[in-house]
Amino acid sequence: MPDTNDLELDIKILKFSADINQVVREDNIKAFVTWKFETEKGLIKIYGGTIRAKKFGESEKTILSYDPPAIKTKFKYNKVLFIDNIDFFKQLCSHTIGRYPLN
């Protein structure tokens, strides 16, 4: 029996895009990101993501990564976006990072 608090939505995602707003800052944040999901019911926007430069591996090669929106608590940041399909999430992140202009 379905949970009575659930609202059944049959929404098809038609298109995904990411708005990239580059910033110049002292920390490792390179851009702020808005994810846009165009659906048959209208546009869904997710604000607050970031593209960050991170050191990776022993060579400390700099890579870019997408971090989903988060809320700062007393001790840490808690992510406020969760997609349980890891392959789908990686696909969205890869598309987002691929749109970042490397100068």
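Residues numbered from 1 in each chain as written. Predicted model: local features only at pLDDT ≥ 70, side-chain atom pairs only at ≥ 80, totals over all residues. Heavy atoms only, no water.

Asker: Honestly, the overall build of the chain in this entry has me stumped. Any pointers?
Answerer: Helix and strand counts for the chain stand at one helix and six strands. Helices and strands appear in the chain in the N-to-C order β-β-β-β-β-β-α. Taking 103 residues into account, the globule formula puts the C-alpha radius of gyration at 13 Å, and the chain, at 16 Å, lies well above it. Dimensions of the chain, computed from C-alpha atoms along their principal axes, come out at roughly 50 × 35 × 25 Å. For the chain, with 103 residues in total, the buried portion stands at 23%. Counting contacts in the chain only where the partners sit at least 6 residues apart, residues at least 24 apart contribute 35% of the total. As displayed, the chain has an accessible area near 8,300 Å², and 52% of this comes from carbon and sulfur atoms. Side chains of the chain give 17 positive and 14 negative charges; the mean places of these two sets differ by 8 Å. (Helix = DSSP H or I, 4+ residues; strand = E, 2+ residues; numbered from the N terminus. Rg over C-alpha atoms; globule rule 2.2 N^0.38 Å. Buried < 20%, exposed > 50% of the residue type's maximum accessible area, 1.4 Å probe, protein only. Contact = heavy atoms within 4.5 Å. Areas by Shrake-Rupley, 256 points an atom, 1.4 Å probe, with all protein chains shown as cover. Lys, Arg positive; Asp, Glu negative; His and termini not counted. Charge placed at Lys NZ, Arg CZ, Asp CG, Glu CD.)

Asker: Is there a simple way to think about the pattern of salt bridges in this case?
Answerer: When their charged atoms lie close together, side chains carrying opposite charge are able to pair. Enumeration according to the criterion identifies four salt bridges in this entry. Across the pair Asp67 and Lys54 runs a salt bridge, and its minimum N-O distance is 3.3 Å. Residue Asp67 is found in strand β4 (residues 61-67), and its partner Lys54 is found in strand β3 (residues 42-56); the two are separated by 13 residues along the sequence. For Lys54, a relative accessible area of 31% puts it in the partly exposed group. Residues joined by salt bridges that share partners form a network here, namely Arg52, Lys54 and Asp67. (Salt bridge = Lys/Arg side-chain N within 4 Å of Asp/Glu carboxyl O.)

Asker: Quick question: what am I supposed to make of the environment of Tyr66 here?
Answerer: If you trace the backbone, Tyr66 turns up in strand β4. Assessed through its relative accessible area of 6%, Tyr66 is described here as buried. C-alpha of Tyr66 to C-alpha of Lys90: the two residues are 24 residues apart in sequence and 9.5 Å apart in space. With residues up to four places along the chain from it excluded, the contact list for Tyr66 reads Val33, Trp35, Gly49, Thr50, Phe89, Cys93, Thr96 and Ile97.

Asker: Is there a simple way to explain the environment of Ile29 in this structure?
Answerer: Of note, Ile29 is situated in strand β2 (residues 29-39). Residue Ile29 is classed as buried on the basis of its relative accessible area, which comes to 6%. Taking C-alpha positions, Ile29 is 36 Å from Asp10, a pair spaced 19 residues apart along the chain. Leave out the neighbours within four places in its chain, and Ile29 touches Val23, Thr50, Ile51 and Arg52.

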